[in-house]
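# Residue-level structural notes
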Number of protein chains: 2
Amino acid sequence: MKTIASATGKLGTTIVIVGVGLIGGSIARAVRSRGLFERIIGVGRNPQRLQQAVEQGVIDEYACHGSEAAAQADLIVVCTPVEQIAEDVLELHACLPAGGVITDAGSTKGGICRRVRDGLETGHRFVGAHPLAGSEKSGFEYAQADLFEEAVVILTPDDSTAPFAAERVAEFWSSLGGRLVTMGAAEHDLILAMTSHLPHLVSSALAASVTERDLPLAATGFGDTTRIAAGDPRLWTSIFMENADATIHAAEEFLLRFQALLSALKDRQPERLHSLLSTGKQHRDLWQQTNTR
Amino acid sequence: MKTIASATGKLGTTIVIVGVGLIGGSIARAVRSRGLFERIIGVGRNPQRLQQAVEQGVIDEYACHGSEAAAQADLIVVCTPVEQIAEDVLELHACLPAGGVITDAGSTKGGICRRVRDGLETGHRFVGAHPLAGSEKSGFEYAQADLFEEAVVILTPDDSTAPFAAERVAEFWSSLGGRLVTMGAAEHDLILAMTSHLPHLVSSALAASVTERDLPLAATGFGDTTRIAAGDPRLWTSIFMENADATIHAAEEFLLRFQALLSALKDRQPERLHSLLSTGKQHRDLWQQTNTR
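Rules behind the numbers
Residues numbered from 1 in each chain as written. Chains lettered and ligands numbered in written order. Predicted model: local features only at pLDDT ≥ 70, side-chain atom pairs only at ≥ 80, totals over all residues. Helix = DSSP H or I, 4+ residues; strand = E, 2+ residues; numbered from the N terminus. Rg over C-alpha atoms; globule rule 2.2 N^0.38 Å. Buried ≥ 20, exposed ≤ 12 C-beta atoms within 10 Å, placed from the backbone. Contact = placed C-beta atoms within 7 Å. Axes fitted to C-alpha atoms, helices over the stretch in contact; angles between N-to-C directions. Left-handed = near helix turned anticlockwise from the far one by under 90°. Nonpolar A, V, L, I, M, F, W, Y, C, P; charged D, E, K, R; others polar. Pairing = 2+ DSSP bridges. Least-squares fit on C-alpha atoms with pLDDT ≥ 70 in both. Parallel < 35°, antiparallel > 145°, perpendicular 65-115°, else oblique. Right-handed = clockwise from strand over helix to strand, strands pointing away.

## Concerning the overall build of chain A
The number of helices and strands found in chain A is eleven helices and nine strands. Expected size for 293 residues packed as a compact globule is a radius of gyration near 19 Å; at 21 Å, chain A falls within 12% of this value. By its C-alpha atoms, chain A is 80 × 40 × 40 Å across when sized along the principal axes. Counting the 293 residues in chain A, one finds 55% classified as buried.

Now the structure itself:
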């Protein structure tokens, strides 16, 4: 029997990645290194940048209009800033061929999933996703094929999602190396406000507090604590605005803890200070034990 | 002409390290790898631990009474917790042979230098030092010979210090690979409150804010921001108590910045939020540019 060389990847022929930055570029590199799709089409607004991404082997080809590319897609991943994702999904979903599915990589989920659900019929083929992986760097130049290995990927399908789409999107993120967790979009936003958006707010305020004069006397403790403050202010403004209520709630929880430490210090109460610092250490040690990354 | 093998290290025969933990152990390893002294004596309260440090090749021998060891020392480095350093210095200074000098590695300097100055005659041989290097880990098992390479080391001699002692102590820290900065002890405490003690307070409050339920959904951003919160609560309680006023001042500066971010978010003002986040990014980027570590 004659075998025809397979013209498809493990998950299909064509993946369309909308927004080829650090996350989109890393997805492209991971897809290529794992042979998941035969063809990787990048979509964006800047043809020069997309051409560079082709030249660097990140994507195979590019399109400036997502709708043309979408019509050929087995899978679309929307990696645009969070405030733009729902609009992109609604536009591209209309162009998907039969059997095609669409996911995103946004750091917030509640608003996106609500707007998509409101804009589409039940049985739609969008599945919200948030890979807990990234960097303070921007641009596909920093893309890493192994960015999603062992990373938690949160999926937020709901009862409006076509079951086959939920399955295919789960298979996709799992094939990138992700450890899948499924939950509601609102629950996602509450938890991530605490574990991701609050740390960014704290880190930024801390970095801003240290003056230029004092920076040469800041060492690795400061460096680590403020690493994420180097993230793109535009992207983070969008994330905070999208998840404002939950982030405000998280910030108030943090303020209670910080004020408790501060008042123990003001009152010169070493035992209370020690006890509060021990709680922080216990949580951090627990995180270390449960996190392989 | 017959050459006799040198029986001394580059800086003298005997160094005495009081407190053989992460910092003391790293000094010992650096001294050995650079051939700075012929003999390394560790001093501490726990003979079992000190015997382990001998067996692991960190120190050559140990003593439980610092005064005996001090009488043989060309250089003593006091690496005990900050609240204990001044007392140790005063006791050991009395036992130093002629020409012997003494330094420390404490994270605070104001109180230590004041108590030493009050307890000794002008022309004493103590020079306060703070190497900006460390780890959230404790114990000589984590000691690294290269811990001080390119690290800033702040020295705080004053007009009560014997000039030859200031020179010899500077030569010592420089020989470990440190980049020396000299300033007053009070100025040190004001700046380090901002660049080191505040980050610890913030990191600890952040780690404490995230509940056990949410920790599995915390990624590397949380991990980096809270790394230092895993530090020893006992050591950090001492540091905060020693530098309470300056740390309280730093904490209030941080609270202003944090409240500004929070109110921009509450008022749904993306431009103001973006501007505040940009300030944090600028400071962090500047730190990255000026810091090789």
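Now, onward.
## Section: unusual backbone geometry
All names here are of chain A. In this structure, Glu 150 takes a positive phi of about 70 degrees despite not being glycine. Relative to the helices and strands, Glu 150 is located in the loop between strand E7 (129-131) and strand E8 (152-155). Residue classification places Glu 150 among the exposed positions, given that 12 C-beta atoms sit within 10 Å.

## A short note on helix H5 (residues 110-119) of chain A
Those residues of H5(A) not exposed but buried are A:Gly110, A:Gly111, A:Ile112, A:Cys113 and A:Val116. The secondary structure elements touched by the buried residues of H5(A) are helix H4 (82-93), strand E5 (101-104), strand E6 (126-127), helix H7 (185-209) and helix H9 (233-242) of chain A.

## Brief notes about the packing of helix H11 (residues 270-290) of chain A against helix H7 (residues 185-209) of chain B
Following both chains from N to C, one finds H11(A) and H7(B) inclined at 65 degrees, their axes separated by 7 Å at the closest point. Once H11(A) is placed against H7(B), the crossing between them reads as left-handed. Here A:Leu276, A:Leu277, A:Thr279, A:Gly280, A:His283 and A:Arg284 of H11(A) come into contact with H7(B), specifically with B:Ser204, B:Ala205, B:Ala207 and B:Ala208. Residues that form the contact of H11(A) with H7(B) fall into these classes: five nonpolar, four polar and one charged.

## Remarks on the sheet that holds strand E9 (residues 179-182) of chain A
Residue and element names in this part refer to chain A. Strands sit in the order E7-E8-E9 across an open sheet of three strands; the sheet is mixed. Each end of this open sheet is capped by a strand with a single partner; those strands are E7 and E9. Averaged over all neighbouring strand pairs, the angle between strand axes comes to 20 degrees, with direction disregarded. With three bridges connecting them, E7 and E8 associate as antiparallel partners. Among the inter-strand pairings, His 130 is bridged to a residue of E8, identified as Ile 154. Packed on one face of the sheet, helix H6 (residues 163-175) meets E7, E8 and E9 and runs near 170 degrees to E8.

## Points about the relation of the copies chain B and chain A
At an RMSD of 0.0 Å, chain B and chain A line up after a rotation of 180 degrees and a shift of 0.0 Å along the axis. Expressed as a symmetry operation, the mapping of one chain copy onto the other fits a two-fold axis. Considering only C-alpha atoms, the part of chain B nearest the rotation axis is B:Thr225, at 2.0 Å. Most of the interface of chain B is mirrored in chain A: 100% of its interface residues are interface residues there too.

## Topic: the packing of H4(A) against H5(A)
Residues and elements named next belong to chain A. Following both chains from N to C, one finds H4 and H5 inclined at 20 degrees, their axes separated by 9 Å at the closest point. Judged by the angle between their axes, H4 and H5 are roughly parallel. In the packing of H4 onto H5, the handedness of the crossing is right-handed. Of H5, the residues touching H4 (which contributes Val 82, Ile 85, Ala 86, Val 89 and Leu 90) are Ile 112, Arg 115, Val 116 and Gly 119. When the residues that make up the contact of H4 with H5 are grouped by side-chain class, the tally is seven nonpolar, one polar and one charged.

## Digging into the pairing of strand E8 (residues 152-155) of chain B
In regular strands, side chains alternate between the two faces of the sheet. Residues and elements named next belong to chain B. Direction of pairing for E8 relative to strand E9 (residues 179-182): parallel, over a ladder of four bridges. Looking across to E9, one finds that Val 153 is bridged to Leu 180. Taken together, E8, helix H6 (residues 163-175) and E9 constitute a β-α-β crossover, and its handedness is right-handed.

## Notes on helix H9 (residues 233-242) of chain B
For H9(B), the buried fraction is high: eight of the ten residues fall into the buried class. On the buried face of H9(B), the contacting elements are helix H10 (244-266) and H11 of chain A together with helix H4 (82-93), helix H5 (110-119), H7 and helix H10 (244-266) of chain B.

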